[in-house]
Amino acid sequence: KANGHLLAALGLFTGVVVVAIFYASYAALESKPEAGIYSALAILLSVTLLVVIALAVGIGGIEPGRAVLWTEIALIVEFAAFWLMQTRDLWHSARYRPRVPARTRDRQDRTRSKFAPETAL
């Protein structure tokens, strides 16, 4: 029970690091111009996670609770940088644009001539 927060945080951030590594690998395979930035962020996230683990087991002589808190903050900031980079990268990608079902598109086309856009469903 005392280590519940630490175990949950390690699980969460391990998942975040795996996603960052996966996407960095994907970006490199696709020769995306941002591949280097994704790789740097994945490495940074990985190293920070290892620091959290080392501090949690007491390596470094720092009080584990406080050290883990600050490294969690660092992981959150690093993940936010990754997320912003990925958002910028995928913003105009048709692959991630929601598809409009054909019948909805037809209904919108029919209503467009009758009503103002705010009233079309």
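That block above? That's the structure.
Residues numbered from 1 in each chain as written. Predicted model: local features only at pLDDT ≥ 70, side-chain atom pairs only at ≥ 80, totals over all residues. Heavy atoms only, no water.

(A) Local environment of the overall build of the protein chain. Each helix and strand counted, the protein chain has four helices and zero strands in total. Tracing the protein chain from N to C terminus, the helices and strands come up as α-α-α-α. A total of 121 residues make up the protein chain; the buried ones form 29% of that total. Considering only contacts in the protein chain between residues 6 or more positions apart, those separated by 24 or more positions represent 63%. If you sum the accessible surface of the protein chain, you get close to 8700 Å²; carbon and sulfur atoms cover 67% of it. (Helix = DSSP H or I, 4+ residues; strand = E, 2+ residues; numbered from the N terminus. Buried < 20%, exposed > 50% of the residue type's maximum accessible area, 1.4 Å probe, protein only. Contact = heavy atoms within 4.5 Å. Areas by Shrake-Rupley, 256 points an atom, 1.4 Å probe, with all protein chains shown as cover.)

(B) Structural context of the nonpolar core. Membership of the largest hydrophobic core comes to 22 residues, with the highest contact counts inside it found for Y38, L45, L49, L75 and F82. Mapped by element, the contributors of at least two residues to this core are α1 (4-29), α2 (35-56) and α3 (64-90). The element that contributes the greatest number of residues to this core is α1, accounting for ten residues. For F82, the contacting residues outside a window of four places in its chain are V19, A20, Y23, Y38 and L41. (Core = buried A, V, L, I, M, F, W, Y, C linked by side-chain atoms within 4.5 Å.)

(C) Local environment of α1. If you check α1, its first and last C-alpha atoms are 38 Å apart, about what 26 residues at 1.5 Å a residue would give, namely 38 Å. Buried within α1 are the following residues: L6, A9, L10, F13, V16, V17, A20, Y23, A24 and A27. (Expected span 1.5 Å × (residues − 1).)

(D) Representation of the packing of aromatic side chains in the model. Across all of its chains, the model carries six aromatic pairs by this definition. Both rings, one in Y38 and one in F82, keep their centres 5.7 Å apart while their planes meet at 65 degrees; by these two values the pair is edge-to-face. With Y38 in helix α2 and F82 in helix α3, this residue pair connects regions lying 44 residues apart in the sequence. We note that Y38, like F82, is buried. A centroid spacing of 6.0 Å and a plane angle of 25 degrees characterise the contact between F79 and F82, whose relative ring orientation is stacked. Taken as a pair, F79 and F82 lie in helix α3 at a separation of three residues, close to a single helical turn. When its relative accessible area of 1% is taken as the criterion, F82 is described as buried. Taken together, the aromatic side chains of Y23, Y26, Y38, F79, F82 and W83 make up a single cluster linked through ring pairs. (Phe/Tyr/Trp six-rings, centres within 6.5 Å; stacked < 30°, edge-to-face > 60°.)

(E) Broad picture of the pattern of salt bridges. Taken as a whole and assessed by the stated rule, the structure comprises two salt bridges. A salt bridge links D89 to K32; the shortest N-O distance between them is 3.3 Å. Highlighted residues: D89 in helix α3 and K32 in the loop between α1 and α2, separated in sequence by 57 residues. Note on K32: relative accessible area 19%, which makes it buried. (Salt bridge = Lys/Arg side-chain N within 4 Å of Asp/Glu carboxyl O.)

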